[in-house]
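Structure assessment
The primary structure of each chain is shown beneath.
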Amino acid sequence: MKNTTTTTVPLGSPLYAQVKQAVLAALARGEWKQGEAVPPEKTLAERFGVSIGTLRKAIDELAAENILVRHQGRGTYVAVHTRNHHFFKFFRIVRQDGHKSYPATRLVRFRRVRANAAAREYLSLPAGAYVFEFTNVLSLNGDVVMVDDISVPEARFPGMTEQQLRERPSTLYAFYQDMFGVNVIATDERLRVCPADAAHAGWLGVAEHTPLLEIRRVAFSYNRQPVEWRISRVNTQAYEYLGQEPGAAVAG
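Notes on the structure follow. (Residues numbered from 1 in each chain as written. Predicted model: local features only at pLDDT ≥ 70, side-chain atom pairs only at ≥ 80, totals over all residues. Heavy atoms only, no water.)

Attention shifts here to the side chain of Ser151. Mapped onto the secondary structure, Ser151 falls in strand S6 (residues 143–153). The class of Ser151 is buried, set by a relative accessible area of 7%. If we skip the residues at most four places from it in the chain, Ser151 touches Ala119, Leu123, Val131, Phe132, Glu133, Val227, Glu228 and Trp229. (Helix = DSSP H or I, 4+ residues; strand = E, 2+ residues; numbered from the N terminus. Buried < 20%, exposed > 50% of the residue type's maximum accessible area, 1.4 Å probe, protein only. Contact = heavy atoms within 4.5 Å.)

Spelled out as structure tokens, the structure:
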């Protein structure tokens, strides 16, 4: 492959996987924005020094992952994630009868601070880097259910303000996409149980030390670039975490 962009694929990986990572690296650099067309397959194949067949296999995988989208007769475009698909792909809290709904969100805290050790680790930030920290309280069906403590790197979200967060017209990840060109395409999550501290007990309306579901999430943009670190605490008295849709296929 002629392109010398560093990729994260192991040595000896198939050529199409190397092409896929090179395309992701170009997306991570902002070479093509959400909604824009990527160059024609012939141009990309020449750029990476591979056959059309190899290039198409890489594009096929990116399309299957909803990172790129093909429009018949028009070309291939960087996906713009719609509200329903994007939100319910990442929001996994549902009422125990399975009912899904959009949460009402209340911003209760916002500040610009130096990243703490956890934020530096999970966001791959150097010492002294700044983050925006904010806390949202989420209600579902009139019930206060969840508190999100979120950190995002200032370098990726320059100029973010409390007013912008309060007045955003759509979901948080749509806000990232529309205002800062940051497209969340994947998350890693770890679940555990934690006791409610005084602040979270107050926000959730439960007794201090009540067991809560704690979800630790790192959100990634293209090429596995970490763009958000959050800890969510959930009152599971009437709500639960949906790991996957019932009947969804499981990779073997």
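On we go.
The relative placement of two packed helices comes down to the angle between their axes together with the axis-to-axis distance. Relative orientation of the contacting elements helix H2 (residues 41–48) and helix H3 (residues 52–64) amounts to 105 degrees, with a least axis distance of 9 Å. Considered as vectors, H2 and H3 are oriented roughly perpendicular to each other. From H2, Glu41, Lys42, Leu44, Ala45 and Phe48 reach across to H3, where they touch Ile52, Leu55, Arg56 and Ile59. Split into classes, the residues belonging to the contact of H2 with H3 amount to 6 nonpolar, no polar and 3 charged. (Axes fitted to C-alpha atoms, helices over the stretch in contact; angles between N-to-C directions. Parallel < 35°, antiparallel > 145°, perpendicular 65-115°, else oblique. Nonpolar A, V, L, I, M, F, W, Y, C, P; charged D, E, K, R; others polar.)

The next thing to look at is the pairing of S6. In regular strands, side chains alternate between the two faces of the sheet. Summarising burial for S6: 9 of the 11 residues are buried, a large majority. Relative to S6, strand S5 (residues 130–140) runs antiparallel, the two being bridged by 10 bridges. Residue pairing for S6: Ser139 is matched across the bridge by Val144. Hairpin connection from S5 to S6: 2 residues lie between these consecutive antiparallel strands, with Asn141 at a positive phi of about 55 degrees. Pairing of S6 with strand S9 (residues 226–234) involves 6 bridges; the strand directions are antiparallel. If you follow Met146 over to S9, its bridge partner there is Val234. (Pairing = 2+ DSSP bridges.)

Here the focus is the nonpolar core. If you look at the biggest cluster of nonpolar residues, it comprises 21 residues, and the most contacted ones within it are Leu27, Trp32, Phe48 and Leu55. Listing elements by their share of this core, those giving two or more residues are helix H1 (15–28), H2 and H3. The biggest single contributor to this core is H1, with 6 residues. Excluding residues within four positions of it along the chain, Trp32 makes contact with Val23, Ala26, Leu27, Ala37, Val38, Pro39, Leu44, Arg47 and Val78. With 19 residues, the next largest nonpolar core counts Phe90, Ile150, Leu172 and Val184 among its residues. (Core = buried A, V, L, I, M, F, W, Y, C linked by side-chain atoms within 4.5 Å.)

Turning to the environment of Ala17, a few remarks are in order. With respect to the element layout, Ala17 can be found in helix H1. By relative accessible area, Ala17 is classed as buried at 15%.

Time to look at the packing of aromatic side chains. With the rule as written, the count across this model stands at 8 aromatic pairs. Plain terms: the ring middles of Phe157 and Phe180 are 5.3 Å apart, the flat faces sit at 65 degrees to each other, and that makes the pair edge-to-face. One end of the pair, Phe157, is in the loop between S6 and helix H6 (162–167); the other, Phe180, is in helix H7 (residues 172–180), with 23 residues separating them in the sequence. Of the two residues examined, Phe157 and Phe180, each falls in the buried class. Here the aromatic rings of Phe175 and Phe180 are separated by 5.6 Å at their centres, their planes lie at 85 degrees, and the arrangement is edge-to-face. The exposure class assigned to Phe175 is buried, which follows from its relative accessible area of 5%. The side chain of Arg224 reaches across the aromatic face of Phe220, ending 3.8 Å from its centre. (Phe/Tyr/Trp six-rings, centres within 6.5 Å; stacked < 30°, edge-to-face > 60°. Lys NZ or Arg CZ within 6 Å of the ring centre and 35° of its normal.)

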